[in-house]
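Take a look at the letters that make up each chain.
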Amino acid sequence: MTATTVVRPAARPELLALLGHTPLVRITAGLPGPHPGFWAKLEGLAAGGMKARAAVSMLLGARRRGELRPGAPVVESTSGTLGIGLAFAGQALGHPVVLVGDSELELSMRQLLRAHGVRLEIVDRPADRGGWQAARLARLQELLAVLPGSYWPDQYNNPDNSAGYASLADELIAQLDHLDILVCSVGTGGHSAGIIGPLRRHWPALRLIGVDSTGSTIFGQPARPRLMRGLGSSIHPRNVAYDAFDEVHWVGPAEAVYSCRQLARHSFVSGGWSTGAAARVAAWAARVHPGAVVATVFPDGPHRYLGNVYDDDFAAVHGLRPEAAATRPVEISHPCAAEATGWVRCTRVTDPLKALPHQEGNP
């Protein structure tokens, strides 16, 4: 591979005024049945989406430390959502952005990223170990070697990812009089880790429920091919604040699709896989904890998911019928007690990279 150059864009710092300031809406749509309602933060309505907060934070942090020079290229792996955030941050701060996606990245997202000036690299085969994420990261390392002065934010392990969501916490505190339960989808672990500290300082008894994807290894389940993108992971991000979670739910694609469509039809706000999964669990939490104030975050809107979540042919091919969606979670005693193939709940949350007693020869 030969050295490659990228064009440095002019900085547009005025764009930073568009970060955040998203509305909070009350959701009462049946998910799948009646519930008292919960609050949803509509991050998909922000310029660059929810992950623009993290992207700007990571680039500014790297600049302060001297790791990112003015105009130097930014290289990152993405399934799409962070890519939009980095495109925003790159334009605002004057950095060319090179992203590594994979063959499952939607055509509409590829077109949108390129329209925003991103150079997009696509890997066409998952790695034998680590799947698409590992394949993307391998290509990313090759690019870092040939792009002079390039910087990798490493969204999965960068504390500035989480720090970027301090503004999201501030907005929730300003918009809510009280909060008992917060439901967060988990991918890199950034937004849940970034907002739970400030929110618990304001509301000390606040419970945090994590929402993962079936087939994701984040909370100790075995890694499997995943239909859902945007939440879940085939690796173990170090940004995940395991100690902060009171419980975790694994949600399948049927539950997420049906929830997204219910939201669109009955609340006029919806999104993709993460939004559907988080909404399903937030409605459950509101139903089983009557009187509790429940809130969640909708990370993006529905537009990139028109070819899957909202496509009847896609749903039929993958068996995503409403009757296939669970109406309540199955409870397991430990994250490794059984493999989650549908909606599963566990009130014991552990870091899977920390050895468990039975793994060290103890009973």
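This text goes with the structure placed above it.
Residues numbered from 1 in each chain as written. Predicted model: local features only at pLDDT ≥ 70, side-chain atom pairs only at ≥ 80, totals over all residues. Heavy atoms only, no water.

**What about the overall build of the protein chain?**
At step 1: Assigned secondary structure in the protein chain consists of 10 helices and 11 strands.
At step 2: In summary, the protein chain has a C-alpha radius of gyration of 20 Å against a globular reference of 21 Å for 363 residues, a match within 12%.
At step 3: Over its C-alpha atoms, taken along the principal directions, the protein chain stretches across nearly 55 × 50 × 45 Å.
At step 4: Across the 363 residues of the protein chain, 58% fall into the buried class.
At step 5: Across the protein chain, every contact between residues at least 6 apart in sequence was considered, and the portion connecting residues at least 24 apart equals 72%.
At step 6: Element-wise, carbon and sulfur atoms account for 54% of the exposed surface of the protein chain, whose accessible area totals about 15000 Å². (Helix = DSSP H or I, 4+ residues; strand = E, 2+ residues; numbered from the N terminus. Rg over C-alpha atoms; globule rule 2.2 N^0.38 Å. Buried < 20%, exposed > 50% of the residue type's maximum accessible area, 1.4 Å probe, protein only. Contact = heavy atoms within 4.5 Å. Areas by Shrake-Rupley, 256 points an atom, 1.4 Å probe, with all protein chains shown as cover.)

**Let's talk about the nonpolar core**
At step 1: Within the largest apolar cluster, 36 residues are counted, with the highest numbers of intra-cluster contacts made by Ile27, Phe38, Val183, Trp273, Val294 and Phe298.
At step 2: Elements supplying a minimum of two residues to this core: strand 2 (38–42), strand 6 (181–185), strand 7 (207–213), helix 8 (253–266), helix 9 (273–288), strand 9 (294–298) and helix 10 (312–317).
At step 3: For this core, the element with the most residues is helix 9, which contributes 9 residues.
At step 4: Not counting residues up to four positions away in its chain, the partners in contact with Trp273 are Leu227, Met228, Arg229, Leu231, Pro253, Ala256, Val257, Tyr305, Asn308, Val309, Phe314 and Leu320.
At step 5: Counting 33 residues, the second largest nonpolar core, distinct from the first, contains Leu179, Leu182, Cys184 and Leu199. (Core = buried A, V, L, I, M, F, W, Y, C linked by side-chain atoms within 4.5 Å.)

**What to know about empty space enclosed by the protein**
At step 1: Counted by the stated rule, this structure contains 1 cavity of 30 Å³ or more.
At step 2: Lining of the largest cavity is provided by 18 residues; of these, Met50, Lys51, Ser185, His191 and Gly230 occupy positions nearest its centre.
At step 3: By residue class, the composition of the lining of the largest cavity is 5 nonpolar, 10 polar and 3 charged. (1 Å grid on protein atoms, 1.4 Å probe; cavity = no way out; pocket = protein on both sides within 12 Å on 5 of 7 lines; lining within 4 Å. Points joined across faces, edges and corners; volume = space filled by probe spheres on them. Nonpolar A, V, L, I, M, F, W, Y, C, P; charged D, E, K, R; others polar.)

**As for the state of the cysteines**
At step 1: Under the definition given, this model contains 0 disulfides.
At step 2: Summary of cysteine pairing: Cys184 is not part of a disulfide, and the nearest cysteine sulfur, belonging to Cys260, is at 17 Å.
At step 3: With relative accessibility at 0%, the residue Cys184 sits in the buried group. (Disulfide = S-S within 2.5 Å.)

**A short note on the packing of aromatic side chains**
Describing an aromatic ring pair means giving the distance of the ring centres and the angle of the ring planes.
At step 1: Under the counting rule described, the total for this entry stands at 3 aromatic pairs.
At step 2: Each ring, one from Phe219 and one from Phe245, has its centre 5.4 Å from the other, and the planes form 90°; the classification is edge-to-face. With Phe219 in the loop between strand 7 and strand 8 (247–251) and Phe245 in the loop between strand 7 and strand 8, this residue pair connects regions lying 26 residues apart in the sequence.
At step 3: By relative accessible area, Phe219 is classed as buried at 1%.
At step 4: Look at Trp273 and Phe314: their rings are 6.4 Å apart centre to centre, the planes differ by 55°, and that puts the pair in the tilted class. Of the two residues, Trp273 sits in helix 9 while Phe314 sits in helix 10, which places them 41 residues apart along the sequence. (Phe/Tyr/Trp six-rings, centres within 6.5 Å; stacked < 30°, edge-to-face > 60°.)

**With respect to the sheet that holds strand 7**
At step 1: With mixed pairing, 8 strands are arranged side by side in an open sheet as 1-2-9-6-7-8-11-10. Only two strands of the sheet have a single neighbouring strand rather than two, namely strand 1 (24–27) and strand 10 (330–332). The average undirected angle you get between the axes of adjacent strands in this sheet is 25°.
At step 2: Pairing of strand 6 with strand 9, which is carried by 3 bridges, proceeds in the parallel orientation. Directly across from Leu182, in strand 9, lies its bridge partner Ala295. (Pairing = 2+ DSSP bridges. Axes fitted to C-alpha atoms, helices over the stretch in contact; angles between N-to-C directions.)

**A few points about the pairing of strand 7**
At step 1: Across the 7 residues of strand 7, 6 count as buried, placing the element largely inside the fold.
At step 2: Where strand 6 meets strand 7, 5 bridges bridge the pair, whose relative direction is parallel. Directly across from Leu182, in strand 7, lies its bridge partner Leu208.
At step 3: Assessed by its sense of winding, the connection that carries the chain from strand 6 through helix 7 (residues 190–202) to strand 7 is right-handed.
At step 4: Bridge count for strand 7 against strand 8 is 5 bridges, and the pairing is parallel. Directly across from Asp212, in strand 8, lies its bridge partner Trp250. (Right-handed = clockwise from strand over helix to strand, strands pointing away.)

**So, unusual backbone geometry**
Negative phi characterises most residues that are not glycine, and trans characterises most peptide bonds.
At step 1: For the bond from Leu31 to Pro32, the omega torsion is 0°, close enough to zero to count as cis.
At step 2: By the secondary structure assignment, Pro32 is in the loop between strand 1 and strand 2.
At step 3: In this model, His21 sits at a positive phi of 60°, which is unusual for a non-glycine residue.
At step 4: Within the element layout of this structure, His21 appears in the segment before strand 1.

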